[in-house]
Amino acid sequence: MNPYRSAALTWLEANQNDAYVANAVERVATLLRTAGPHVEAFRLRGLSPQERAKAAWARLRKAAVDPRRVVAAWLTVEMIIRDDPLAERKAEFKQVQAAKLIHKMASGTHKRWGEGANAKELHVYPRSRGRVLRHVGEALEEACALLVDHHRAGFPTAIQPVKK
(Lines give C-alpha, C1' and ligand atoms only; values in the text may rest on other atoms or scores of the structure.)
Protein backbone atom coordinates (compact mmCIF):
# COMPACT_ATOMS: atom_id res chain seq x y z
CA MET A 1 0.00 0.00 0.00
CA ASN A 2 2.86 2.41 0.74
CA PRO A 3 4.02 2.68 -2.90
CA TYR A 4 0.47 3.73 -3.83
CA ARG A 5 0.27 6.21 -0.98
CA SER A 6 3.63 7.75 -1.95
CA ALA A 7 2.57 7.95 -5.59
CA ALA A 8 -0.73 9.59 -4.59
CA LEU A 9 0.99 12.21 -2.40
CA THR A 10 3.55 12.96 -5.10
CA TRP A 11 0.78 13.31 -7.70
CA LEU A 12 -1.22 15.63 -5.40
CA GLU A 13 1.82 17.84 -4.79
CA ALA A 14 2.63 17.98 -8.51
CA ASN A 15 -0.99 18.94 -9.29
CA GLN A 16 -1.69 21.19 -6.32
CA ASN A 17 -2.70 24.10 -8.57
CA ASP A 18 -5.35 22.01 -10.36
CA ALA A 19 -8.86 23.20 -9.49
CA TYR A 20 -10.14 19.68 -8.72
CA VAL A 21 -7.20 18.88 -6.45
CA ALA A 22 -7.63 22.18 -4.62
CA ASN A 23 -11.36 21.51 -4.31
CA ALA A 24 -10.85 18.06 -2.78
CA VAL A 25 -8.22 19.33 -0.33
CA GLU A 26 -10.44 22.25 0.68
CA ARG A 27 -13.48 19.98 1.13
CA VAL A 28 -11.47 17.70 3.42
CA ALA A 29 -10.21 20.76 5.32
CA THR A 30 -13.86 21.80 5.73
CA LEU A 31 -14.70 18.34 7.13
CA LEU A 32 -11.91 18.81 9.66
CA ARG A 33 -13.00 22.35 10.59
CA THR A 34 -16.69 21.50 10.97
CA ALA A 35 -16.24 18.24 12.89
CA GLY A 36 -17.10 19.84 16.21
CA PRO A 37 -15.17 19.57 19.46
CA HIS A 38 -12.46 17.00 20.03
CA VAL A 39 -13.78 14.02 22.03
CA GLU A 40 -11.36 11.89 24.02
CA ALA A 41 -11.35 8.26 22.89
CA PHE A 42 -12.51 7.05 26.30
CA ARG A 43 -15.62 9.26 26.05
CA LEU A 44 -16.93 7.80 22.77
CA ARG A 45 -19.00 5.04 24.34
CA GLY A 46 -22.71 5.71 23.93
CA LEU A 47 -22.33 8.08 20.98
CA SER A 48 -24.11 7.38 17.71
CA PRO A 49 -22.07 6.30 14.67
CA GLN A 50 -22.51 9.78 13.16
CA GLU A 51 -21.18 11.42 16.33
CA ARG A 52 -18.26 8.98 16.45
CA ALA A 53 -17.48 9.77 12.81
CA LYS A 54 -17.41 13.50 13.60
CA ALA A 55 -15.14 12.72 16.55
CA ALA A 56 -12.80 10.87 14.16
CA TRP A 57 -12.56 13.98 11.96
CA ALA A 58 -11.96 16.10 15.08
CA ARG A 59 -9.11 13.74 16.14
CA LEU A 60 -7.52 14.25 12.73
CA ARG A 61 -7.86 18.01 13.16
CA LYS A 62 -6.34 17.94 16.64
CA ALA A 63 -3.42 15.85 15.35
CA ALA A 64 -2.91 18.48 12.60
CA VAL A 65 -3.15 15.90 9.83
CA ASP A 66 -2.60 17.55 6.45
CA PRO A 67 -5.79 17.33 4.36
CA ARG A 68 -3.63 16.26 1.40
CA ARG A 69 -2.74 13.06 3.29
CA VAL A 70 -6.45 12.35 3.73
CA VAL A 71 -7.14 12.92 0.02
CA ALA A 72 -4.11 10.73 -0.76
CA ALA A 73 -5.71 7.93 1.27
CA TRP A 74 -8.76 8.01 -1.01
CA LEU A 75 -6.57 8.08 -4.12
CA THR A 76 -4.55 5.17 -2.74
CA VAL A 77 -7.68 3.03 -2.51
CA GLU A 78 -8.80 4.15 -5.99
CA MET A 79 -5.42 3.24 -7.52
CA ILE A 80 -5.19 -0.14 -5.78
CA ILE A 81 -8.67 -1.10 -6.96
CA ARG A 82 -7.88 0.15 -10.48
CA ASP A 83 -4.73 -2.01 -10.64
CA ASP A 84 -6.32 -5.16 -9.19
CA PRO A 85 -8.38 -7.06 -11.78
CA LEU A 86 -10.15 -9.06 -9.05
CA ALA A 87 -10.81 -6.19 -6.67
CA GLU A 88 -14.12 -5.59 -4.96
CA ARG A 89 -15.63 -2.58 -6.75
CA LYS A 90 -18.55 -1.65 -4.49
CA ALA A 91 -18.60 1.92 -3.20
CA GLU A 92 -19.02 0.76 0.39
CA PHE A 93 -15.83 -1.32 0.18
CA LYS A 94 -13.82 1.70 -1.01
CA GLN A 95 -15.34 3.90 1.69
CA VAL A 96 -14.46 1.50 4.49
CA GLN A 97 -10.91 0.85 3.22
CA ALA A 98 -10.16 4.58 2.93
CA ALA A 99 -11.69 5.25 6.35
CA LYS A 100 -9.44 2.57 7.87
CA LEU A 101 -6.42 4.32 6.39
CA ILE A 102 -7.30 7.73 7.79
CA HIS A 103 -8.41 6.28 11.12
CA LYS A 104 -4.80 5.19 11.68
CA MET A 105 -3.51 8.72 11.09
CA ALA A 106 -4.78 10.03 14.44
CA SER A 107 -6.07 7.25 16.60
CA GLY A 108 -6.29 7.24 20.33
CA THR A 109 -6.04 9.32 23.45
CA HIS A 110 -2.93 9.33 25.57
CA LYS A 111 -2.80 10.77 29.09
CA ARG A 112 -0.01 10.81 31.68
CA TRP A 113 -0.25 11.79 35.34
CA GLY A 114 2.71 12.19 37.65
CA GLU A 115 6.45 11.94 37.17
CA GLY A 116 9.07 9.22 36.98
CA ALA A 117 8.40 5.62 37.99
CA ASN A 118 5.14 6.53 39.73
CA ALA A 119 3.62 8.03 36.60
CA LYS A 120 0.26 6.68 35.54
CA GLU A 121 -0.50 6.38 31.84
CA LEU A 122 -3.73 5.87 29.96
CA HIS A 123 -3.79 4.82 26.30
CA VAL A 124 -7.23 4.35 24.75
CA TYR A 125 -7.85 3.59 21.09
CA PRO A 126 -11.27 3.77 19.45
CA ARG A 127 -12.15 0.70 17.43
CA SER A 128 -12.22 1.18 13.68
CA ARG A 129 -15.35 -0.69 12.76
CA GLY A 130 -18.89 -0.67 11.51
CA ARG A 131 -21.08 2.28 10.72
CA VAL A 132 -18.47 4.79 11.88
CA LEU A 133 -16.12 3.75 9.06
CA ARG A 134 -18.96 3.94 6.57
CA HIS A 135 -19.83 7.50 7.64
CA VAL A 136 -16.19 8.65 7.52
CA GLY A 137 -15.63 6.95 4.16
CA GLU A 138 -18.83 8.34 2.67
CA ALA A 139 -17.85 11.89 3.64
CA LEU A 140 -14.37 11.36 2.18
CA GLU A 141 -15.78 9.95 -1.05
CA GLU A 142 -18.04 13.00 -1.44
CA ALA A 143 -15.09 15.32 -0.81
CA CYS A 144 -12.96 13.61 -3.48
CA ALA A 145 -15.70 12.84 -6.03
CA LEU A 146 -14.95 15.64 -8.52
CA LEU A 147 -11.23 14.94 -8.39
CA VAL A 148 -11.73 11.25 -9.10
CA ASP A 149 -14.30 11.87 -11.83
CA HIS A 150 -12.02 14.27 -13.72
CA HIS A 151 -8.59 12.72 -13.16
CA ARG A 152 -9.09 8.95 -12.64
CA ALA A 153 -7.33 8.10 -15.92
CA GLY A 154 -4.39 10.35 -15.01
CA PHE A 155 -3.67 8.84 -11.61
CA PRO A 156 -0.14 7.45 -11.43
CA THR A 157 0.84 3.85 -11.18
CA ALA A 158 2.58 2.99 -7.96
CA ILE A 159 6.27 2.29 -8.27
CA GLN A 160 6.76 -1.20 -6.92
CA PRO A 161 9.67 -1.63 -4.49
CA VAL A 162 12.68 -3.45 -5.92
CA LYS A 163 13.05 -6.94 -4.48
CA LYS A 164 16.57 -7.84 -3.40
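Structure: see above.
Rules used throughout
Residues numbered from 1 in each chain as written. Predicted model: local features only at pLDDT ≥ 70, side-chain atom pairs only at ≥ 80, totals over all residues. Heavy atoms only, no water. Helix = DSSP H or I, 4+ residues; strand = E, 2+ residues; numbered from the N terminus. Buried < 20%, exposed > 50% of the residue type's maximum accessible area, 1.4 Å probe, protein only. Areas by Shrake-Rupley, 256 points an atom, 1.4 Å probe, with all protein chains shown as cover. Lys, Arg positive; Asp, Glu negative; His and termini not counted. Charge placed at Lys NZ, Arg CZ, Asp CG, Glu CD. Axes fitted to C-alpha atoms, helices over the stretch in contact; angles between N-to-C directions. Parallel < 35°, antiparallel > 145°, perpendicular 65-115°, else oblique. Left-handed = near helix turned anticlockwise from the far one by under 90°. Contact = heavy atoms within 4.5 Å. Nonpolar A, V, L, I, M, F, W, Y, C, P; charged D, E, K, R; others polar. Salt bridge = Lys/Arg side-chain N within 4 Å of Asp/Glu carboxyl O. Expected span 1.5 Å × (residues − 1). Bend = angle between axes of the 7 residues up to and from the residue. Phe/Tyr/Trp six-rings, centres within 6.5 Å; stacked < 30°, edge-to-face > 60°. Core = buried A, V, L, I, M, F, W, Y, C linked by side-chain atoms within 4.5 Å.

1. Section: the overall build of the protein chain
Part 1: Of regular secondary structure, the protein chain possesses six helices and two strands.
Part 2: For the protein chain, the proportion of its 164 residues judged to be buried stands at 38%.
Part 3: For the protein chain, the exposed area adds up to about 9,800 Å²; of that, 52% sits on carbon and sulfur atoms.
Part 4: Where the 28 positive side-chain charges of the protein chain centre and where its 17 negative ones centre are 7 Å apart.

2. Description of unusual backbone geometry
Part 1: Of note in the backbone geometry, Ala 64 takes a positive phi value of approximately 55° without being a glycine.
Part 2: Relative to the elements of secondary structure, Ala 64 occurs in the loop between helix H3 (49-62) and helix H4 (67-83).

3. Comments concerning the packing of helix H2 (residues 19-33) against H4
Each pair of packed helices can be described by the angle between their axes along with the distance between the axes.
Part 1: The contact between H2 and H4 brings their axes to 9 Å, and the two run at 110°. By the angle between their axes, H2 is roughly perpendicular relative to H4. Relative to H4, H2 is oriented so that their crossing is right-handed. The residues of H4 that touch H2, namely those facing Ala 24, Val 25, Val 28, Ala 29 and Leu 32, are Pro 67, Arg 68, Val 70 and Val 71.

4. Examining the packing of helix H5 (residues 91-103) against helix H6 (residues 130-151)
Part 1: Contact pair H5 / H6: the axes reach a minimum separation of 7 Å and the direction vectors enclose 100°. Judged on the interaxial angle alone, H6 and H5 are roughly perpendicular. From H5, Ala 91, Glu 92, Gln 95, Val 96, Ala 98, Ala 99, Lys 100 and Ile 102 reach across to H6, where they touch Leu 133, Arg 134, Val 136, Gly 137, Glu 138, Leu 140 and Glu 141.
Part 2: Looking at the contact of H5 with H6 residue by residue, the class counts come to eight nonpolar, two polar and five charged.

5. Details of the pattern of salt bridges
Part 1: All chains considered together, the criterion is met by six salt bridges.
Part 2: The partner of Arg 33 in a salt bridge is Glu 26, and the shortest N-O contact between them spans 2.8 Å.
Part 3: With relative accessibility at 52%, the residue Arg 33 sits in the exposed group.
Part 4: With relative accessibility at 40%, the residue Glu 26 sits in the partly exposed group.
Part 5: A salt bridge links Asp 66 to Arg 68, with the shortest nitrogen-to-oxygen separation between them at 2.8 Å.

6. Brief notes about H6
Part 1: With 22 residues, H6 extends 30 Å between its outermost C-alpha atoms, agreeing within 8% with the 32 Å of an ideal straight helix rising 1.5 Å per residue.
Part 2: At Cys 144, H6 shows its strongest bend, of approximately 55°.
Part 3: Listed in full, the buried residues belonging to H6 are Val 132, Leu 133, Val 136, Gly 137, Ala 139, Leu 140, Ala 143, Cys 144, Leu 147 and Val 148.
Part 4: Against the buried residues of H6 lie helix H1 (2-14), H2, H3, H4 and H5.

7. A few points about the packing of aromatic side chains
When we look at a pair of aromatic rings, we describe it by the centre distance and by the angle of the planes.
Part 1: Within this structure, the stated rule accounts for one aromatic pair.
Part 2: Ring centres 5.2 Å apart and planes at 85° place the aromatic pair Trp 11 and Phe 155 in the edge-to-face group. Here Phe 155 lies in the segment after H6 and Trp 11 lies in helix H1, a separation of 144 residues in the sequence.
Part 3: Residue Trp 11 is classed as buried on the basis of its relative accessible area of 12%.
Part 4: Under the relative-accessibility criterion, Phe 155 is labelled buried at 6%.

8. Remarks on the nonpolar core
Part 1: One finds Trp 57, Val 71, Leu 75, Ile 102 and Leu 140 to be the most contacted residues of the largest nonpolar core, which totals 44 residues.
Part 2: For this core, the secondary structure elements donating two or more residues are H1, H2, H3, H4, H5 and H6.
Part 3: Aside from chain neighbours lying at most four places away, what touches Trp 57 is Val 28, Leu 31, Leu 32, Ala 35, Val 70, Ile 102, Val 136, Ala 139 and Leu 140.

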